[in-house]
Amino acid sequence: MPTPVSVPIDDAPAPVQPRMTADGRYVITAELKATLNARGVDSAPPPDGRVLPPNSVFEPPCSLQWMDILGRISVGSFSYGVSGHFNNVTIGRYVSIGDEVQMGRGDHSIDWLSTSPFFYLHETIIPVGRDFADADAYHAFDPDTAGSAGFVQGSTIVIGNDVWIGHRAYVRPGVTIGTGAIIGAYAVVSRDVPPYAIVVGNPGRVVRYRFDEALIARLLASNWWTLAPWQLKGIDVSRPAESIDAIERRVAESEPYKPDPIHLVDLV
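All values derive from a computational prediction rather than experimental measurement.

A few words now on the overall build of the chain. From N to C terminus, the chain includes 4 helices and 21 strands. Taking 268 residues into account, the globule formula puts the C-alpha radius of gyration at 18 Å, and the chain, at 23 Å, lies well above it. Its C-alpha atoms give the chain principal-axis dimensions of roughly 80 × 70 × 30 Å. In the chain, which comprises 268 residues, the share counted as buried stands at 41%. When the accessible area of the chain is evaluated, it comes to approximately 15400 Å², of which 55% is carbon and sulfur surface. When the 21 basic and 30 acidic side-chain charges of the chain are each reduced to a single mean position, those positions are 8 Å apart.

Bringing the confidence of the model for the chain into the picture now. Mean pLDDT over the chain: 90, with 91% of residues reaching 70 or higher. Contacts of residues 1-16 to residues separated by more than four positions or lying in other chains number 1 contact, the stretch itself having pLDDT below 50.

Hydrogen bonding along the main chain pairs the strands of a sheet, whether they run parallel or antiparallel. Taken together, 6 strands build an open sheet; the order of strands is β16-β13-β10-β7-β4-β21 and the sheet is mixed. Across the chains shown, the open sheet's two edge strands, defined by having one partner strand only, are β16 (176-177) and β21 (262-263). With 2 bridges connecting them, strand β4 (residues 57-58) and β21 associate as antiparallel partners. When the sheet's bridge partners are listed, V57 is paired in β21 with H263.

Here we come to the environment of V128. As for its position among the elements, V128 is in the loop between β12 (101-103) and α2 (135-140). Distance in space between the C-alpha atoms of V128 and T90 is 34 Å, their sequence separation being 38 residues. Beyond its immediate chain neighbours, meaning those up to four positions away, V128 contacts Y138 and H139.

Okay, the nonpolar core next. Counting residues in hydrophobic clusters, the biggest one holds 37 residues, and the most contacted among them are F58, F86, M103, I159, I165, I177 and I183. Of all the secondary structure elements, the ones that give two or more residues to this core are α1 (30-38), β6 (66-69), β7 (73-75), β10 (89-91), β12, β13 (157-159) and β19 (197-200). When residues no more than four places from it in sequence are discounted, the contact partners of I159 are V89, T90, I91, G92, V95, M103, I165 and I177. In this structure, Y196, L215, W224 and W225 belong to the second largest nonpolar core, which totals 16 residues.

Moving on: the sheet that holds β6. The parallel open sheet is built from 5 strands, whose spatial order is β6-β9-β12-β15-β18. With partners counted over all chains shown, the strands left at the sheet margins are β6 and β18 (188-189), one partner each. Across 4 bridges, β6 lies against strand β9 (residues 83-86) in parallel orientation. Bridging across to β9, M67 finds its partner in G84.

Listed in full, the buried residues belonging to α1 are L32, K33 and L36. Buried residues of α1, seen end-on, are gathered within an arc of 100° and therefore sit on one face of the element. In the core, the buried residues of α1 are packed alongside β1 (26-27), β2 (41-42) and β3 (51-52). Phi for G40, located one or two positions after α1, is positive at around 100°.

The subject of this paragraph is the pattern of salt bridges. Summed over all chains, the structure comprises 10 salt bridges. A salt bridge links D162 to R210; the shortest N-O distance between them is 3.0 Å. Pair noted here: D162 is in the loop between β13 and β14 (164-165) and R210 is in the loop between β20 (205-209) and α3 (213-222), with a separation of 48 residues, a long-range link. The class for D162 is buried, based on a relative accessible area of 19%. Taking relative accessible area as the criterion, R210 reaches 27% and is therefore assigned partly exposed. A salt bridge links E248 to R218; the nearest nitrogen and oxygen atoms lie 2.7 Å apart. Here the residue E248 occupies a position in helix α4 (residues 240-253), and R218 occupies one in helix α3, the gap between them amounting to 30 residues.

What counts, and at which threshold
- Residues numbered from 1 in each chain as written.
- Predicted model: local features only at pLDDT ≥ 70, side-chain atom pairs only at ≥ 80, totals over all residues.
- Heavy atoms only, no water.
- Helix = DSSP H or I, 4+ residues; strand = E, 2+ residues; numbered from the N terminus.
- Rg over C-alpha atoms; globule rule 2.2 N^0.38 Å.
- Buried < 20%, exposed > 50% of the residue type's maximum accessible area, 1.4 Å probe, protein only.
- Areas by Shrake-Rupley, 256 points an atom, 1.4 Å probe, with all protein chains shown as cover.
- Lys, Arg positive; Asp, Glu negative; His and termini not counted.
- Charge placed at Lys NZ, Arg CZ, Asp CG, Glu CD.
- pLDDT = per-residue confidence, 0-100.
- Contact = heavy atoms within 4.5 Å.
- Pairing = 2+ DSSP bridges.
- Core = buried A, V, L, I, M, F, W, Y, C linked by side-chain atoms within 4.5 Å.
- Arc of directions from axis to C-beta.
- Salt bridge = Lys/Arg side-chain N within 4 Å of Asp/Glu carboxyl O.

Below, the structure is given as structure tokens:
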């Protein structure tokens, strides 16, 4: 029998080091994608420049695909986003987000001397070199905001459970979209949306509700989204009005689906 050969510790493979951007977000490398995928989080194949904030939290299974994520994001189980811009968003379970959706685009000051971020952001706005007039002054400049309360950007957007957001919808910072709501394609949402409301247009307006008031109340009270799809097997989900009794019984008889949340900082 061959004699085992010991491998010196210096020759052991080094752990993969995470790649980070200048502002402290993690680049989704092939290694990070594989790690996330193995734990139930899908993302677009690298290399495509996608990044994730370090305080991101995911509940598997869920999918990020080509989402551009700036500030903190939390995604619940069985939810997915195709593409767009997302800044400080909390997403519930069973949420479907279409292409090029915009959530939490940053505001500009409107009460200051200028709306330009050159006067309130303490960071490089235009990353350029030094071979132009007054380049040294440009790179040395830091706005004086000591006498102000500061300019706050990116209030958290909260998306409930079972929400469908259509192609190129725009959601303002700080908005809450209630469980069961539908946001139509190209809608501009600047205020909170009630549960199970259907919102279209610019400005977004409620055109109707998915179900009658009594059924909405029972669906909300049932918390059916605490179960996984396989836990609702055998119930006709295509007819919720006829199936609500069975849904309520199933929730009462079942243990909630509780996967371990994935905190990005624990993986890198």
